[in-house]
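An overview of the molecular structure
The primary structure of each chain is shown beneath.
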Protein chains: 2
Amino acid sequence: MEYRPGLEGIIAAETAISFLDVEGEEIVVRGYNLLDLAEHKTYVDVVGLLIDGLLPDEARRSELERSLVAGSAVPGPIWDILRALPPSMHAMDRLRTAVSALGGFDPEVDDHSPEANRRKGLRALAKVGTIVANLHHIAEGRAPKEPDSGRGYVENMLAMITGKPASPAEVQAFDRSLMVYSEHELPNSTFTARVIASTMSDLYGALTGAVASLKGPLHGGANEAVMHMMLEAGTPEGMEALILKKLAAKERIMGFGHRVYMKKMDPRAQLMKETLKTLVSASGDAEGQKWYTLGEVGEAVMRREKGLYPNLDYYAAPVYYVLGIPIELYTPIFFAARTAGLVAHVVEQHAQNRIFRPRVRYTGPRGLKP
Amino acid sequence: MEYRPGLEGIIAAETAISFLDVEGEEIVVRGYNLLDLAEHKTYVDVVGLLIDGLLPDEARRSELERSLVAGSAVPGPIWDILRALPPSMHAMDRLRTAVSALGGFDPEVDDHSPEANRRKGLRALAKVGTIVANLHHIAEGRAPKEPDSGRGYVENMLAMITGKPASPAEVQAFDRSLMVYSEHELPNSTFTARVIASTMSDLYGALTGAVASLKGPLHGGANEAVMHMMLEAGTPEGMEALILKKLAAKERIMGFGHRVYMKKMDPRAQLMKETLKTLVSASGDAEGQKWYTLGEVGEAVMRREKGLYPNLDYYAAPVYYVLGIPIELYTPIFFAARTAGLVAHVVEQHAQNRIFRPRVRYTGPRGLKP
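The present account deals with the structure reproduced in this document.

**Points about the interface of chain A and chain B**
Chain A puts 93 residues into the contact, and the matching count from chain B is 93 residues. Approximately 8,500 Å² of surface area, both sides summed, lies buried where chain A meets chain B, with 60% of it carried by carbon and sulfur atoms. Together, Ile 11, Arg 357 and Arg 359 of chain A form the three largest contributors to the area buried by chain A at its contact with chain B, with a combined 10%. Our count for the chain A to chain B interface comes out at 18 salt bridges. Measuring nitrogen to oxygen at the nearest pair gives 3.4 Å for the salt bridge that ties Glu 26 of chain A to Arg 366 of chain B. Between chain A and chain B we count 57 residue pairs in polar contact (both at pLDDT 80 or more) in total.

**Topic: the relation of the copies chain A and chain B**
Overlay of chain A on chain B (RMSD 0.0 Å): rotation 180 degrees, translation along the axis 0.0 Å. On this basis, the relationship between the two copies can be described by a two-fold rotation axis. Scanning chain A for the C-alpha nearest the rotation axis identifies Gly 209 of chain A, at a separation of 2.2 Å. Both copies present the same face, since 100% of the interface residues in chain A are matched by interface residues at the equivalent positions in chain B.

**Here we look at the sheet that holds strand β4 (residues 32-33) of chain B**
Residue and element names in this part refer to chain B. Pairing is antiparallel in the open sheet, where 3 strands are placed in the order β2-β3-β4. Either end of the sheet is taken by a strand with one partner, and the two such strands are β2 (18-21) and β4. The sheet contact formed by strand β3 (residues 26-29) and β4 spans 2 bridges and is antiparallel. Of the residues in β4, the one forming a bridge with Val 28 is Asn 33.

**Here we look at helix α5 (residues 91-102) of chain A**
Over its 12 residues, α5 of chain A extends 16 Å from the first C-alpha to the last, a length consistent with the 16 Å expected when each residue adds 1.5 Å. Counting buried residues in α5 of chain A gives 12 out of 12 residues, a clear majority hidden from the surface. Among the residues of α5 of chain A, Ala 91, Met 92, Asp 93, Arg 94, Leu 95, Arg 96, Thr 97, Ala 98, Val 99, Ser 100, Ala 101 and Leu 102 of chain A are the ones counted as buried. Considering only its buried residues, α5 of chain A is in contact with α4 (76-84), α6 (114-139), α10 (203-214) and α16 (330-351) of chain A together with α5 (91-102) and α10 (203-214) of chain B.

Quick notes on the rules
- One numbering rule holds for all chains: residues counted from 1, following each sequence as written.
- Throughout, the order in which chains and ligands are written sets their labels, letters from A for the former and numbers from 1 for the latter.
- Local features in a predicted model are, by the rule used here, given only for residues with pLDDT of at least 70; side-chain atom pairs are given and counted only at 80 or more, and totals for whole chains, interfaces and linings are based on all residues.
- For the side-chain quantities, the full set of heavy atoms in the structure was used; hydrogens and water were omitted.
- Residues are treated as being in contact if the distance between any of their heavy atoms lies within 4.5 Å.
- Throughout, the accessible surface (probe 1.4 Å) given up by two parts as they are put together, summed over both, is called the buried area.
- A pair is scored as a salt bridge if a Lys or Arg side-chain nitrogen falls within 4 Å of a carboxyl oxygen belonging to Asp or Glu.
- We call two N or O atoms a polar contact when they sit within 3.5 Å, provided that within protein one can donate a hydrogen and the other can accept it, with sequence-adjacent residues counted only if both atoms are side-chain atoms.
- Superposing copies: least-squares fit, C-alpha atoms only, residues required to have pLDDT of at least 70 in both.
- Pairing between two strands is assigned when DSSP locates at least 2 bridges connecting them.
- Where helices and strands are cited, they refer to DSSP runs of H or I of at least four residues and of E of at least two residues respectively, numbered from the N terminus.
- Helix span, as expected, comes to 1.5 Å for every residue beyond the first.
- Buried means the residue's accessible area, taken with a 1.4 Å probe over protein chains only, is under 20% of the maximum for its type, while exposed means over 50%, and partly exposed covers the values in between.

See below:
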């Protein structure tokens, strides 16, 4: 049998959740183009689409919003656990620990029926938003910000993160970023969640594994690496010089290319680029405009030098920076958004399960005697 | 492309660590037959073989033992975190949370070099043993038992679990069980660890994901299910009646069959069966003898009725029961033993990495408009 490192090109699951149609340049989410959804709907609609299986009507949308906000208070012991961890611990590692602990406070943790998994999924999503929004507050010794029942789920998350009210333009930009991060077929973290769920282990275990996966710099960690690179560059001219220096040193430039999209533009990157433009135009802030120009310069240099296009992380990073979000939260926010998709995959895996158990090609010695 | 549910028969990794030679009926671990190792060596030797890459000589063996015992004290905040979790939380879910938290106390957490991964692996293994041995003490409100520097790593773990000194026969039986649980090619939990590590995420994240996987009743959770079935049966006659009743009701009988071994006997099961016999003979205890006879009866009934052979979990369960180990610790002990193999796989994955990113077959609708 042929061995494909990283299972590249191997079909590992049947799914009705999403599909990257590379030829059609479309990210299909339950039949819809994700970019259409991002233009016409909100994150909470996409949550309904992913977890319920269909776009919510007005009544269901209000119910989802209400239950997400009502369920977003986090049990006190979770804060105690986060406080017991060293403040220097990577934010994703603290999030991983908190998501694991959350399972202990869900009375349906070991009920794997689709209905229970959906209920648990919404409860987990509600609380993950609050935890993510408070990772830096806890690490810096502040009391956790509480969700406000007068605000929506997405507005709450952004306001808890920054500690101040968010403008409608800011909420819309943040909401769009959550939509485009919500689901993406079978990336490493989603695959991890399905592999874990296939032992009939529980939803929280699958989510915990996904946090661990998403931390990696080859996966979710890329959005933070992009922002650090942009800050190091400092100016549009600095961006060109920095990329050329890194290319000369054969260093990897984060935020470009994607195994599945190959040499095409990630359509989510284009949407985040437009979102960044709208956001900095709305604020009229010269500093914001600088990041947009710097991003465009980097994009042009990489297309010219390597024929590579930006991926989602490349433009999500400056959007989050302009929104005033601490860099260490970029990957945790990616996870919070993706929780909706992960829940859908665990529901599907548990409902039509076959345990993942591949084989190896053994390259070691044989016949040794102890 | 052909879709194989559960990646059955697909080669997902090249490895020099281990291989299930089904035709040769041999579990190969770095060139040795695992059963030979179990007969002639100890768990700490196998730890050296897995993590260092070769069987330790006398000096290295002493050094490994010393460092495992010296490193087995657990940071105080880990106990605080375990105390903050509900005592009713599944022992594997509490272990998952503690292993995740441990990453915060390792200064080399984000160094993925083989040397750093090996050092972290030994530190993690040392502490996991102590955590596992105390999950029930913490849940029942007792102070954690401390490792005793005058005892070996394996003896310490058993004595902490039961709260009393262990006889040489008991230590040997427990040590053998750890050896046969230490490594087994690419089961779901090891695959999970490699998938997570392939994003260049850290060792503790990979181990945390493996705990989540191993909890599942289709994987590590099986050893606990076996013991509950044996206790429900109560007597050898009861075992035959219970299995026949379950088969008539088309219920799954845990502890039999294995995807890779198919219709052959798991060689580890035979070793655990012999270990159980030796253990109950040494103690001269009639109750112990009963579990051995009950196990044999169940084995004969399943061979006669279904042509299925016991797997490792089937005989490990009564060994642990006779050793006085609480049932909720059986799967955590499996994880503690397997930590050695998991560390070896993370070292190997990080050293020759390609991110796991398979594809899907999409079965949902297309062309919907929001």
